[in-house]
2 protein chains.
Amino acid sequence: MTYASKLIEEAVEALSALPGIGKKTALRLALFLLKSNEAQTEQLATSLQKLRREIQYCQQCHNVADQELCSICTNPHKDPSVICVVENIQDIIAVEITGQYRGLYHVLGGIISPMEGIGPESLTIDTLLHRVENLTPREIIFALSPTIEGDTTLFYIAKKLKPYPVRITTIARGVAIGSQLEYTDEVTLARSIAARTPYQ
Amino acid sequence: MTYASKLIEEAVEALSALPGIGKKTALRLALFLLKSNEAQTEQLATSLQKLRREIQYCQQCHNVADQELCSICTNPHKDPSVICVVENIQDIIAVEITGQYRGLYHVLGGIISPMEGIGPESLTIDTLLHRVENLTPREIIFALSPTIEGDTTLFYIAKKLKPYPVRITTIARGVAIGSQLEYTDEVTLARSIAARTPYQ
């Protein structure tokens, strides 16, 4: 009875089910929509419905797509001989934003994690092997999180890729640009010393 | 083209139009909805649409309502002889949560602010006077923000209420409970000394 209206209560309930949005923020959003013009709410509601109903996943790389193949796989300016393996769709966006990579992607849809019951069979490893077999790329870059799960996944897939004549690399791990050495954790620092690179 | 999908782009656009939600959060919300089951997105979309299409405003106090009168005005346990004047609907919720007030409310729908072009005529002052005239309440409590605009609004309405035999009060202003005197601003402290109350 706190909100004086069942409609507000339901909207707050639905909004606060989103990650990072509590009841107070949800109420603020609901009251904001009530104050702004009706077209805004309609647009928000229909864009979310359309997103959920019409989204497709690229049959080649499992990225989100509006058609059978995603806009990256169909882009003629991308280099199909390099495939960057990532955990999820956000990672593609993160790599694309850097503007430093011109190849294709492969979305695993997760990472091997026995603790959470995610085994290799729940990931898109089979389609990756299929791609490697049929399209014979030159290089596979693994851009997975530098965690135990990431390393396990890398190890597992690299073993599966052994029979194929493809170069396997991982993105560089070391101290982050702009960070200060004294605040870098010892594992990262130790590893970045072991993996030092020649200057120029 | 960063998002690889027009549908995601549109959803991010609509979500990031909400207050306090930037592009990154909007993307996180959109991808969360894509991962969770479809019923959740449908429920969110329809609850927002329903909220905007079906919401009504109480004809007596201008609170949000599902019928002609809101759930507070129709509540028989509320004391109709006291009216608390607030700026907006959030303020009703804030007062209701305290559990310390058993009267009715009146939502002004804003506060007099010449800087933002809000004059007395855009507020629901006429209906308040109408309520005072017809229902002869015992007391009107002003619970407006302790700002220049709040004080101006209070001054204006109090003058209009002068002809009526009604007690006019404002909520107490002073140092906040739990705050420390040395960090209290001087205006508040000066005012709380001037408005000191007898001990017990």
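Residues numbered from 1 in each chain as written. Chains lettered and ligands numbered in written order. Predicted model: local features only at pLDDT ≥ 70, side-chain atom pairs only at ≥ 80, totals over all residues. Heavy atoms only, no water.

### Some remarks on the overall build of chain A
Moving on, step 1. When helices and strands are tallied, chain A shows seven helices and six strands.
Moving on, step 2. The order of helices and strands in chain A, counted from the N terminus, is α-α-α-β-β-β-α-β-α-β-α-β-α.
Moving on, step 3. In summary, chain A has a C-alpha radius of gyration of 22 Å against a globular reference of 16 Å for 200 residues, an excess of more than 25%.
Moving on, step 4. Within chain A, buried positions represent 42% of all 200 residues.
Moving on, step 5. Carbon together with sulfur atoms contributes 55% to the accessible area of chain A, which is approximately 11700 Å² in total.
Moving on, step 6. Mean positive and mean negative side-chain charge positions of chain A (19 and 22 charges, respectively) differ by 3 Å. (Helix = DSSP H or I, 4+ residues; strand = E, 2+ residues; numbered from the N terminus. Rg over C-alpha atoms; globule rule 2.2 N^0.38 Å. Buried < 20%, exposed > 50% of the residue type's maximum accessible area, 1.4 Å probe, protein only. Areas by Shrake-Rupley, 256 points an atom, 1.4 Å probe, with all protein chains shown as cover. Lys, Arg positive; Asp, Glu negative; His and termini not counted. Charge placed at Lys NZ, Arg CZ, Asp CG, Glu CD.)

### A closer look at helix α6 (residues 148-161) of chain A
Residues and elements named next belong to chain A.
Moving on, step 1. Over its 14 residues, α6 runs 20 Å from end to end, which matches the ideal 20 Å to within 8%, given 1.5 Å per residue.
Moving on, step 2. Listed as buried for α6 are Gly150, Thr153, Leu154, Ile157 and Leu161. What you see down the axis of α6 is that its buried residues fit within an arc of 100 degrees, all on one side. Across from the buried face of α6, at angles greater than 90 degrees, the exposed residues are Ile148, Phe155 and Lys159. (Expected span 1.5 Å × (residues − 1). Arc of directions from axis to C-beta.)

### Considering the sheet that holds strand β3 (residues 79-86) of chain B
Residues and elements named next belong to chain B.
Moving on, step 1. What the four strands build is an open sheet, ordered β4-β3-β5-β6; its pairing is parallel. Two strands bound the open sheet, and with one partner strand each, they are β4 (103-107) and β6 (167-170). The mean inter-strand angle of the sheet, taken between neighbouring strand axes irrespective of direction, is 25 degrees.
Moving on, step 2. Judged from the four bridges that link them, strand β5 (residues 139-142) and β6 form a sheet pairing that is parallel. By the bridge assignment, Ile140 is partnered in β6 with Ile168.
Moving on, step 3. Set on the sheet, helix α4 (residues 89-98) makes contact with β3 and β4; between it and β4 the angle comes to about 160 degrees.
Moving on, step 4. Set on the sheet, helix α6 (residues 148-161) makes contact with β5 and β6; between it and β5 the angle comes to about 170 degrees. (Pairing = 2+ DSSP bridges. Axes fitted to C-alpha atoms, helices over the stretch in contact; angles between N-to-C directions. Contact = heavy atoms within 4.5 Å.)

### Concerning the sheet that holds strand β3 (residues 79-86) of chain A
All names here are of chain A.
Moving on, step 1. Taken in spatial order, the four strands line up as β4-β3-β5-β6 in an open sheet, and their pairing is parallel. Each edge of the sheet is formed by a strand with only one pairing partner; in this case those strands are β4 (103-107) and β6 (167-170). Adjacent strand axes in the sheet meet at a mean angle of 25 degrees when their direction is disregarded.
Moving on, step 2. In this sheet, β4 lies alongside β3 in parallel orientation, the contact comprising five bridges. Within β4, the residue paired with Ile83 across the bridge is Leu104.
Moving on, step 3. Sheet strands in contact with helix α4 (residues 89-98) are β3 and β4, and its direction is about 160 degrees off that of β4.
Moving on, step 4. Packing against the sheet, helix α5 (residues 125-135) makes contact with β3, β4 and β5 (139-142), and its axis sits at approximately 150 degrees to β4.

### Regarding the nonpolar core
Moving on, step 1. Ile8 of chain A together with Ile8 of chain B are the most contacted members of the largest nonpolar core, which totals 46 residues.
Moving on, step 2. Those elements that place two or more of their residues in this core are α1 (6-15), α2 (23-35), α3 (38-54) and α4 of chain A together with α1 (6-15), α2 (23-35), α3 (38-54) and α4 of chain B. (Core = buried A, V, L, I, M, F, W, Y, C linked by side-chain atoms within 4.5 Å.)

### Digging into the pattern of salt bridges
Moving on, step 1. Here the structure, examined in full by the defined rule, presents 14 salt bridges over all chains.
Moving on, step 2. Arg138 of chain A is paired through a salt bridge with Asp79 of chain A; the nearest N and O atoms lie 3.3 Å apart. On the criterion of sequence distance, the pair formed by Arg138 of chain A in the loop between α5 and β5 and Asp79 of chain A in strand β3 is long-range, its members being 59 residues apart.
Moving on, step 3. Residue Asp79 of chain A is classed as partly exposed on the basis of its relative accessible area, which comes to 27%.
Moving on, step 4. In this structure, Lys23 of chain B engages Glu13 of chain B in a salt bridge whose closest nitrogen and oxygen atoms are separated by 3.4 Å. Here the residue Lys23 of chain B occupies a position in helix α2, and Glu13 of chain B occupies one in helix α1, the gap between them amounting to 10 residues. (Salt bridge = Lys/Arg side-chain N within 4 Å of Asp/Glu carboxyl O.)

### Comments concerning the packing of α3 of chain A against α3 of chain B
Moving on, step 1. Between α3 of chain A and α3 of chain B, the shortest axis-to-axis distance is 9 Å and the interhelical angle comes to 165 degrees. Our classification of the angle between α3 of chain A and α3 of chain B gives roughly antiparallel. Where α3 of chain A crosses over α3 of chain B, the two elements pack in a sense that is left-handed. On α3 of chain B, the residues that touch Glu38, Thr41, Glu42, Leu44, Ala45, Thr46, Leu48, Gln49, Arg52 and Arg53 of chain A of α3 of chain A are Glu38, Thr41, Glu42, Leu44, Ala45, Thr46, Leu48, Gln49, Arg52 and Arg53 of chain B. (Parallel < 35°, antiparallel > 145°, perpendicular 65-115°, else oblique. Left-handed = near helix turned anticlockwise from the far one by under 90°.)

### Description of the relation of the copies chain B and chain A
Moving on, step 1. Mapping chain B onto chain A calls for a rotation angle of 180 degrees and an axial translation of 0.0 Å; the resulting RMSD is 0.1 Å. What we have between these two chains is a two-fold relation. Looking at the rotation axis and the C-alpha trace of chain B, the residue lying nearest is Ala45 of chain B, at 2.2 Å.
Moving on, step 2. The overlap is high: 100% of the interface residues of chain B also sit at the interface in chain A, so the same surface is used on both sides. (Least-squares fit on C-alpha atoms with pLDDT ≥ 70 in both.)

### Focus: the packing of aromatic side chains
Within a pair of aromatic rings, the relevant descriptors are the distance that separates the centres and the angle that separates the planes.
Residues and elements named next belong to chain A.
Moving on, step 1. All told, the structure shown has two aromatic pairs over all chains when counted by the stated rule.
Moving on, step 2. Centre to centre, the rings of Tyr101 and Tyr105 are 5.2 Å apart; their planes meet at 65 degrees, and the pair counts as edge-to-face.
Moving on, step 3. When its relative accessible area of 13% is taken as the criterion, Tyr101 is described as buried. (Phe/Tyr/Trp six-rings, centres within 6.5 Å; stacked < 30°, edge-to-face > 60°.)

### Quick look at unusual backbone geometry
Moving on, step 1. Phi is positive for Thr136 of chain A, close to 35 degrees, though the residue is something other than glycine.
Moving on, step 2. Relative to the helices and strands, Thr136 of chain A resides in the loop between α5 and β5.
Moving on, step 3. The exposure class of Thr136 of chain A is exposed, given its relative accessible area of 58%.
Moving on, step 4. Phi angles above zero are rare outside glycine, and His62 of chain B is one such case at about 70 degrees.
Moving on, step 5. Along the chain, His62 of chain B falls in the loop between β1 (56-57) and β2 (64-65).

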